[in-house]
Amino acid sequence: QVQLVESGGGLVQAGGSLRLSCAASGSVSSIAVLGWYGLAPGKQRVLVASITVGGSTNYADSVKGRFTISRDNAKNTAYLQMNSLKPEDTAVYYCNAATAGRVLPYWGQGTQVTVSS
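Residues numbered from 1 in each chain as written. Predicted model: local features only at pLDDT ≥ 70, side-chain atom pairs only at ≥ 80, totals over all residues. Heavy atoms only, no water.

## A short note on the sheet that holds strand β3 (residues 18–26)
Here is the rule we go by: Should DSSP find at least two bridges between two strands, the strands are regarded as paired. In this description a helix means any DSSP run of H or I spanning at least four residues, a strand means any run of E spanning at least two, and both kinds are numbered starting from the N terminus. A fitted line through C-alpha atoms represents every axis, and for helices the fit uses only the stretch in contact; the resulting angles, taken between N-to-C directions, go from 0 to 180 degrees.
Taken in spatial order, the four strands line up as β1-β3-β8-β7 in an open sheet, and their pairing is antiparallel. In this open sheet, the two strands that pair with only one neighbour each are β1 (2–7) and β7 (67–72). Taking the axes of each pair of neighbouring strands and ignoring which way they run, one obtains an average angle of 15 degrees across the sheet. Where β3 and strand β8 (residues 77–82) come together, six bridges link them in antiparallel fashion. Looking across to β8, one finds that R19 is bridged to Q81.

Okay, here's the thing in structure tokens:
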């Protein structure tokens, strides 16, 4: 079992920055990929960024150049640095962990990010 706890969301003006954190606990050695997904009102949850245990990253086109995902394996924590935020970035952001030997990923409870214009 893996538990994920997100933090760092909030209200920010357009052009501002936020840093989200995702602290993992439990069977953390089984985590292969950590990702951030966004769920905007009226839309489906979509991948924002992901990072493998080896450090390979992947980003949605809409956030490339503005968001940076990183991970501190010693602290079992993933981060999402969000810069140049836009109102369309408003969403609940969920941390996701894909683990070896399990089909379904683990999810955190989500953290709200609201960007005002």
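Having seen the structure, we can now continue with the description.
## A few points about unusual backbone geometry
Where we set the bar: Relative accessible area decides the class of each residue, using a 1.4 Å probe on protein chains only: under 20% of the type maximum gives buried, over 50% gives exposed, and in between gives partly exposed.
Of note, N76 is a non-glycine position whose phi angle comes to about 55 degrees, a positive value. Residue placement: N76 occurs in the loop between β7 and β8. Unusually for a residue other than glycine, S84 sits at a positive phi of about 50 degrees. Given the relative accessible area of 41%, S84 is considered partly exposed.

## Here's the deal with the pairing of strand β11 (residues 111–116)
Residues T111, V113 and V115 line the buried face of β11, whereas the alternating positions Q112, T114 and S116 sit on a face that is not buried. Pairing of strand β2 (residues 10–13) with β11 involves four bridges; the strand directions are parallel. For Q13, the partnering residue across the bridge sits in β11 and is S116.

## Describing the pattern of salt bridges
Stated precisely, the cut-off is as follows: Salt bridge, as used here, is a side-chain nitrogen of Lys or Arg placed within 4 Å of a carboxyl oxygen of Asp or Glu.
The tally for this structure, following the rule as stated, stands at two salt bridges. In this structure, R66 and D89 form a salt bridge, with 2.7 Å as the shortest nitrogen-oxygen distance. Of this pair, R66 sits in the loop between β6 (57–59) and β7 while D89 sits in the loop between β8 and β9 (91–99), placing them 23 residues apart in sequence. Accessibility classification places R66 together with D89 in one group, the buried group.

## Describing the pairing of β7
Because side chains alternate across β7, one face comprises the buried residues F67, I69 and R71, and the other comprises T68, S70 and D72, none of which is buried. With six bridges joining them, β7 and β8 adopt antiparallel strand pairing. Bridge pairing in β8 places S70 opposite Y79.

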